[in-house]
Amino acid sequence: MTRMGLNFLIIKMIFVLSVVIFSQYGNADAMALNRISELMAFENYNGTSENCSAPTDLNGAFFSMNGESASIETKLNFYNQDGSRKNAGGTIEVSSGNKKISFPVRKDESASVYLISSNADRDFLLVRTYMDAANGSSACTGMWLVGEANGNLLTYATLDTVKNAGLLFDDISPMVKNGELWITGRARVYWGADPQAQPRPLGSKYNGVPIKVDGNYCSINSTVLFWDSAAQWFGIRLENF
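This report concerns the structure included in the present document.

**Looking at the overall build of the protein**
Helix and strand content of the protein: two helices and 14 strands. The 241 residues of the protein split such that 39% are buried. In the protein, the proportion of contacts linking residues at least 24 apart, taken out of those at least 6 apart, comes to 51%. Of the roughly 13200 Å² of accessible surface on the protein, 52% is carried by carbon and sulfur atoms.

**A short note on the pairing of strand S3 (residues 68-81)**
As a general feature of sheets, a regular strand has side chains that alternate between the two faces. Judged from the five bridges that link them, strand S2 (residues 61-65) and S3 form a sheet pairing that is antiparallel. What sits directly across from Phe63, in S3, is Ala70. Linking S2 to S3, which pair antiparallel, is a turn of two residues; within it Asn66 sits at a positive phi near 55°. Looking at chain direction, S3 and strand S4 (residues 84-96) are connected through 12 bridges and run antiparallel. Among the inter-strand pairings, Asn80 is bridged to a residue of S4, identified as Arg85.

**Here we look at the nonpolar core**
Within soluble globular proteins, side chains that are nonpolar generally end up buried alongside one another. Core analysis: the biggest nonpolar cluster contains 23 residues, and Phe42 and Ile92 have the highest contact counts within it. Counting residues per element, the ones that place at least two in this core are strand S1 (33-42), S2, S3, S4, strand S5 (99-105), strand S6 (110-118), strand S7 (124-132) and strand S8 (138-149). Residues contacting Phe42, with those up to four places away along its chain left out, are Cys52, Ser53, Ala54, Thr74, Leu76, Asn87, Val105, Glu109, Ser110, Ala111 and Tyr130. Core analysis: the second largest hydrophobic core is formed by 21 residues, Ile116, Ala157, Trp227 and Phe234 among them.

**Here's the deal with the sheet that holds S3**
Taken together, four strands build an open sheet; the order of strands is S2-S3-S4-S5 and the sheet is antiparallel. Every interior strand has two partners, whereas the edge strands, S2 and S5, have only one. The sheet shows a mean angle of 25° between the axes of neighbouring strands, taken without regard to direction.

**Comments concerning the side chain of Thr223**
One can find Thr223 in strand S13 (residues 217-228). Among the residues examined, Thr223 registers a relative accessible area of 0% and is labelled buried.

**Focus on the pattern of salt bridges**
Pairs can form between side chains of opposite charge whenever their charged atoms are close. Enumeration over the complete set of coordinates arrives at eight salt bridges. For the salt bridge of Arg128 with Asp171, the shortest nitrogen-to-oxygen distance reads 2.7 Å. In this pair, Arg128 sits in strand S7 while Asp171 sits in strand S10 (residues 171-177), placing the two residues 43 residues apart along the sequence. For Arg128, a relative accessible area of 9% puts it in the buried group. For Asp171, a relative accessible area of 6% gives the class buried. Ionic pairing is found between Glu239 and Arg237, a salt bridge with its closest N-O pair at 2.8 Å. Owing to a relative accessible area of 30%, Arg237 belongs among the partly exposed residues under this scheme.

**Here's the deal with the side chain of Ser117**
With respect to the helices and strands, Ser117 occurs in strand S6. The class for Ser117 is buried, based on a relative accessible area of 16%. Within polar-contact distance, the side chain of Ser117 engages the side chain of Asn34 at 2.6 Å.

Definitions and limits used
- Residues numbered from 1 in each chain as written.
- Predicted model: local features only at pLDDT ≥ 70, side-chain atom pairs only at ≥ 80, totals over all residues.
- Heavy atoms only, no water.
- Helix = DSSP H or I, 4+ residues; strand = E, 2+ residues; numbered from the N terminus.
- Buried < 20%, exposed > 50% of the residue type's maximum accessible area, 1.4 Å probe, protein only.
- Contact = heavy atoms within 4.5 Å.
- Areas by Shrake-Rupley, 256 points an atom, 1.4 Å probe, with all protein chains shown as cover.
- Pairing = 2+ DSSP bridges.
- Core = buried A, V, L, I, M, F, W, Y, C linked by side-chain atoms within 4.5 Å.
- Axes fitted to C-alpha atoms, helices over the stretch in contact; angles between N-to-C directions.
- Salt bridge = Lys/Arg side-chain N within 4 Å of Asp/Glu carboxyl O.
- Polar contact = N/O pair within 3.5 Å; in protein donor to acceptor, adjacent residues only side chain to side chain.

Set out below in structure tokens:
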């Protein structure tokens, strides 16, 4: 090998090693999510005689977010349906210090709010609204991933964000896995005329799509939200079964 060729090989090796080291340090410095826990939830119990589980005097949930005292307050109106109290619509309001943000809750919707913590002492909220049904099925109607930036509460991702990334779902199921937020599409499955055939969710959007059946429900695919340190925003990718 000539001296020029040897020098080129050494330079190439140094470049490759530098890229590997930079990538390792970049990954080490990246913010990773580490836990998700439910802060507040209520069911409307559509199709049943049960009262909406949100009390008429709901004072909200109190918690710590980014080292500050924070609260969730659900402001709902109610109506009477055959002797049962049902949700007539309202808002979910989040307050942290002097910062506030609110999300709509429509008539007959149920809701869940989750707190997501990270290894960078930075917290996020996931708000989910959905329509429940007496047969145990449910349909997600709204989703907001909320965090703080520049002294304000803002929305990093919505239900449209995960839809546009390719998520297929009736309802969604959130979990933290490997430092990322996984939003998995879920649906109830139904048996057809052939008892030997795998049960499938209803809807043409699921035709030919691989699913993972779990009892009366299935998982379809997942959108994964991960923190992009360069963009200071959440990136997203699609994971199929």
